[in-house]
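Examination of the molecular architecture
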Amino acid sequence: MRNLFNPRICGVRTSMLFYLYWRRLRSHLAQELLAGSGIAVAVALVFGVLVANTSLTSSAGALIQQVIGSARLQLTARSEAGFEQQRAAMVQHLPGVRSSAAILRENVSIAGPRGAKAVQILGVTAGIVDLGSLDTKNFGAGGFRFSEGLILPAVVAGAIGAEPGSLVTLLAAGSAHRVRVGAVLSGSLFGALTSSPVAIALLGVAQHLMGLRGRVTQVLVQPRPGSDQLVAGELRRIAGGRLDVAPADNELRLLDQAIKPNSQSTELFSAISVMVGFLLALNAMLLTMPERRRFVADLRIQGYDRRQVLLLLSFQALVLGVVASLVGVALGDVLSSAFFHRVPTYLTAAFPIGAKQIVHAKTVLAAFGCGVIATVLASLTPAFDLREGKAVDAVFRESGGRGETISGSATRTLGITGMTSIAVVTALVLIAPGLTIVGGVALALSTLLLIPAMFAGIARALPWMGDHIRSSALVVAVSELRATSMRAVALAGIAGLAVYGSIAIGGARGDLIRGIDRATAQYFGTADIWVGTGGDIFNVNRFEPGRTAAVIARAPGVASVRSYQGGLLDVGTRRLWIRARSPRDPAMVEASQLLHGDLTRTNRLLRQGGWAAVSSAFADERHLHVGEAFSLPTPSGTATFKTAAIMTNSGWPPGTITIDSNDYSHYWQTVDPSALEVSLRPGVSAAAGRRAVMAAVGDRPGLSVRTSGERDRQSEASARQGLETLAEISTLLLIAAGLAVASALSAAVWQRRARLASLKIQGYDSRQLWRALLLESAITVGVGCAIGGVIGIYGHALAGRWLTLTTGFPAPFAVAPTQVALTLTLITAVALVVIAIPGFAAARVPARAGFQD
Amino acid sequence: MSSLELREIVKHYPSGGGETVRAVDGISLTVSPGEFVAMYGPSGSGKTTLLLLAAALIAPEAGSVLFDGRDLGGLSEREGARYRLRDVGFVFQSFHLMPNTSALDNATIKLTAEGLKLSEARRRARPWLERLGLGKRSEHTPERLSMGERQRVAIARALVNEPRLLLADEPTGNLDSRRGRETLELLRDICHERAIPGLLVTHDPDAKELMDRAYTLRDGHLTDSVDSVEPAAIIS
């Protein structure tokens, strides 16, 4: 009778599979733990990077979905001044509309006892209940009534130290208001809302706080089934060319566009991390290979056939892979929340992006699968011993290395493929810069492909080196590397990939920071003092100037005061940064950011009116050249501008449009500034000028007074913070790679103790052996670093070109020798320092171990 | 002319259960220049310990091991290493060749450890490989050599520094009888030719007839001396 609970697979009982693995664990626990740790670290690295990459869009997407509820269309304002609430009321009565809700969304700051936080206030009506927006169905379950005061998500309340019932200060439109906190949203009932930078209030309250009585910025609309076209048409009629009609979730597309360059960079890093992770796991498994090969030989001697051996190997690999990968996913979760999860400030100024870490099932599966596949692939290497014609006990008679080496012809083929790949990448990105990301991954692969050839070159150089360097360590070290074994290639590959990724992405990041710093300095350099709403890095939040400008103008040391206007404008899939400068500004555009057009002429044309300087990505999208006209949707209808110059995006990925403030006032129908630019008289220091302006502004806590240097530093910090995740991934990648190389080298060295002992019997002393081991490690890591470094610099150049041409970022290319040197030193030092101790111990192996082989 | 002298040497090892294994227990033996002596015995009888003592890899608890009149028991690790590098040629059962390294470079390993340039070390190693019949296979790696050829590379490595003492641990263990006999004849001839003492540890019963003397070791004692054989003629 068949045993249902203990079936036979290929003639082996399931219980036997478990029993043999249990025996393996008991006899080789340390090796299995080492391999498992390697796989877990690899999976953690992959998982952490993938989660960091998807959380940004996912958390914002979750909030946007919560806000829109069941709405499918929206009517939106083209400026933060919004539109009349009566129009929103008209929407509800349009044919085909099932329900609608008017919303006022504005950027504000909230300050509490623990600090201040920039948030987006959502002024809502009872209409959102019909749409199911903001998880209103759960409000009752939350234990509070949706009525008065501000409703704050837990993350905001926590950051500013607010509690239900406490008073907080809301800074909006240049004014400060004391508002009571009605409730704090926490727990799983409210999903992404609890971790989003928003504040919810009744529409009337929000309008009062913003000084926008009777105005809204958005109407969410849920058409009846099949009425979407009809409703969209009706909405366009109401919009009258002055408002936008778009899908309710249009903000998701705008966000995707805004974070595209960031996502693409992170994707490249993710790809490299996946490769490093895969190699790490593979390496970890290779450490146990000699012992697994002996296990295979033992089984075959005892009568197991090939299928059964394969079954056993696969089963053991699967168990190890599954357990280690699960641990890796858990580790990666900690890694991503501790290091990678940070929302760039420049994005939160334009989108309500929360700090919620969102993990998709496919992310878990990708990381988990990567670990299991690497484990299974590596553990099947002993299956080479099952080939026809190979003696059952061949492993016991080998002098070492066989079956693990890469043949000379394979080395040549790989080298040629690597070089060809670099040539193809070069041609590809020259023709189509958009393919640079693919090229980046191909370059990473080339790094791996060239390593065996580099090892072969070093081995070939041995006679020359041996005649120039008298070193007992040299022959021993190089002989081990001569094998160009899979393990040595994998070790150097990890180092190479980490260095490549770090230098390519780190270099591009450095270019970007330098470019943005230069743009920022010139942008704020038009005034000595900036007066704005504070926390507003883009100068897009308008405020009631009252008599402030006139009072400042009379302050001691002040030469002139000019109104700066600006806002964010949704055009297609781009949330553009509109910058409107006073014609009296010394410069209308940043000289360093000019790509096409003459600086003097551009300044003159912009002051003249009707002209605009546009970002290259926007210009490319519209096929614009200098001198050509384009239309722009504005709150007063479609405006036509001529292109005065084509610029970089000044650090804002969707792009910028710079115009004269008179044009802005005309088309946006407002004279409210979003900042005041103050120029000081000659000889007046920035600090003295700042004090004088502060005194003139008086008691207006909603306004902040900062020197251009302070604004510059604030923006630079924001830009750096936005790119911080890349730096952190890069550093962690390097450290993980350094440790992986060191641990794998250590284990490999440890397995060679018998051979080291034999060298001792031949007359080598411990110091000579230690030197040989360190030299071997240095060469292994050095090969990886050298190839990774050279290809990394090339990748850096390509990435810089891509940033400038495809994304429109300011990224002047410059090799950073210090960064390259630091990267190489870091990974080599970590590897050598870590291997020095086990290497020392291995070198002190008693010579009699040579007899125990 | 150097000789190896073991005088009343004692070496014990602790074993499981608190017992002590008397690996070598008061053995005295002299191996004269040009003499090749075999040591038989079952596993654990102390044969390898004897080799370790002769190679200054361990020190005796009592007695003394003298080579060329020098007491090896008092050598530091570094002095011991220098002694093995310059004075001893050691041949293993499992060869211990470096993988993926040519036979020639394997043979140079002791010379480069002495600080010779690689080209000079190769120049000195090549005649030994030729003499051992590996002249045309000197660039082959161990993986491409037969077991017998690997053993000859190991012998070349042991002899390339022109040692004054030859020690061999089961050098025929991995060879067929014909190759084993050839190897032993070679080692014996080298001892005779160069007038150096040689000590062989083996299980190979056929070795006796090729040896100048042969002993059996049991429980740490030289229990009997196998019939002496006539010293083979020294090759001039």
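1. Some remarks on the overall build of chain B
Within chain B, the regular secondary structure consists of seven helices and ten strands. Here the C-alpha radius of gyration of chain B, 17 Å, is about what a compact globule of 236 residues would show, namely 18 Å. Along the first, second and third principal axes, the C-alpha atoms of chain B reach 50 × 40 × 40 Å. Counting only residues that meet the buried cut, chain B has 54% of its 236 residues in that class. Nonlocal contacts in chain B, meaning residues at least 24 apart in sequence, comprise 70% of its contacts between residues at least 6 apart.

2. Focus: the overall build of chain A
A tally of regular secondary structure across chain A gives 28 helices and 23 strands. By residue count, 55% of the 853 residues in chain A fall in the buried class.

3. Quick word on the nonpolar core
In this structure, A:Val43, A:Ala495, A:Val531, A:Val741 and A:Ile827 are the most contacted members of the largest nonpolar core, which totals 324 residues. The dominant element in this core, judged by the number of residues it contributes, is helix H18 (residues 486–524) of chain A, at 20 residues.

4. Thoughts on the interface of chain B and chain A
Listed per partner, the contact involves 34 residues of chain B and 28 residues of chain A. Secondary structure elements with two or more residues in the side of chain B that touches chain A: helix H1 (47–54), helix H2 (77–87), helix H4 (109–113) and helix H5 (118–131) of chain B. It is H2(B) that provides the largest number of residues to the side of chain B that touches chain A, a total of five residues.

5. Topic: the packing of helix H14 (residues 408–431) of chain A against helix H15 (residues 436–460) of chain A
All names here are of chain A. Close contact between H14 and H15 brings their axes to 8 Å; oriented N to C, the two are set at 155 degrees. Put simply, H14 runs roughly antiparallel to H15. Where H14 crosses over H15, the handedness of that crossing is left-handed. On the side of H14, the interface is formed by Thr-411, Leu-414, Gly-415, Thr-417, Gly-418, Ser-421, Ile-422, Val-425, Leu-428 and Val-429, while H15 contributes Thr-436, Gly-439, Ala-442, Leu-443, Leu-445, Ser-446, Leu-449, Leu-450, Pro-452, Ala-453 and Ala-456.

6. Things to note about the pairing of strand E15 (residues 558–571) of chain A
Residues and elements named next belong to chain A. Among the 14 residues that make up E15, eleven are buried, leaving the element largely enclosed by the rest of the structure. The pairing of E15 with strand E22 (residues 675–680) spans six bridges and is antiparallel. Each bridged residue has a counterpart across the sheet, and for Ser-560 the counterpart in E22 is Ser-679. Here E15 runs beside strand E16 (residues 574–581); their pairing, made up of seven bridges, is antiparallel. Within E16, the position partnered with Gln-565 by the bridge is Ala-580. Linking E15 back to E16 in an antiparallel pair, the connection comprises two residues, with Gly-572 at a positive phi of about 60 degrees.

7. Some thoughts on helix H23 (residues 686–697) of chain A
Residue and element names in this part refer to chain A. In a regular helix each residue adds 1.5 Å, so twelve residues correspond to 16 Å; H23 covers 16 Å between its end C-alpha atoms and thus fits that length. Close packing links the buried residues of H23 with strand E14 (529–532), helix H19 (548–553), E15, E22 and strand E23 (704–707). After H23 finishes, the residue Gly-698 shows a positive phi value of roughly 70 degrees.

8. Let's talk about the environment of B:Arg150
Residues and elements named next belong to chain B. Along the chain, the position of Arg-150 falls in helix H6 (residues 147–159). Arg-150 sits in the buried class, given 24 other C-beta atoms within 10 Å. Sequence-wise, Arg-150 and His-96 are 54 residues apart; in three dimensions their C-alpha atoms are separated by 9.3 Å.

9. A few points about the sheet that holds strand E4 (residues 62–67) of chain B
Working definition: the strands of a sheet are paired by backbone hydrogen bonds and lie parallel or antiparallel to each other. Residues and elements named next belong to chain B. Read from one edge to the other, the open sheet built from four strands follows the order E2-E1-E4-E5, with strand pairing classed as antiparallel. Taken across any chain shown, the strands that pair with only one partner, and hence form the sheet edges, are strand E2 (20–31) and strand E5 (70–71). Taken together, the nine bridges between strand E1 (residues 4–14) and E2 define a ladder with antiparallel strand orientation. The partner of Glu-5 across the bridge, within E2, is Thr-30.

10. Some details on the confidence of the model for chain B
Residues and elements named next belong to chain B. Residues at a pLDDT of 70 or more form 93% of chain B, whose mean pLDDT is 85. Mean pLDDT values for the elements of chain B range from 69 in strand E10 (residues 221–226) up to 93 in E4. Within the model, the stretch residues 227–236 combines pLDDT values under 50 with 15 contacts to residues more than four positions away or in other chains. Listed scores for the predicted complex are pTM 0.73 and ipTM 0.82.

11. What about H5(B)?
Residue and element names in this part refer to chain B. For H5, spanning 14 residues, the distance from its first C-alpha to its last is 20 Å, which sits close to the expected 20 Å at 1.5 Å a residue. Along its length, H5 reaches its greatest deviation from straightness, about 25 degrees, at Ala-125, and the proline Pro-127 lies no more than four positions downstream. Among all positions of H5, only Leu-118, Ala-121, Arg-122, Ala-125, Trp-128 and Leu-129 are buried. With its phi angle positive at about 80 degrees, Gly-133 sits one or two positions after the end of H5.

Rules used throughout
Residues numbered from 1 in each chain as written. Chains lettered and ligands numbered in written order. Predicted model: local features only at pLDDT ≥ 70, side-chain atom pairs only at ≥ 80, totals over all residues. Helix = DSSP H or I, 4+ residues; strand = E, 2+ residues; numbered from the N terminus. Rg over C-alpha atoms; globule rule 2.2 N^0.38 Å. Buried ≥ 20, exposed ≤ 12 C-beta atoms within 10 Å, placed from the backbone. Contact = placed C-beta atoms within 7 Å. Core = buried A, V, L, I, M, F, W, Y, C linked by C-beta atoms within 7 Å. Axes fitted to C-alpha atoms, helices over the stretch in contact; angles between N-to-C directions. Parallel < 35°, antiparallel > 145°, perpendicular 65-115°, else oblique. Left-handed = near helix turned anticlockwise from the far one by under 90°. Pairing = 2+ DSSP bridges. Expected span 1.5 Å × (residues − 1). pLDDT = per-residue confidence, 0-100. Bend = angle between axes of the 7 residues up to and from the residue.

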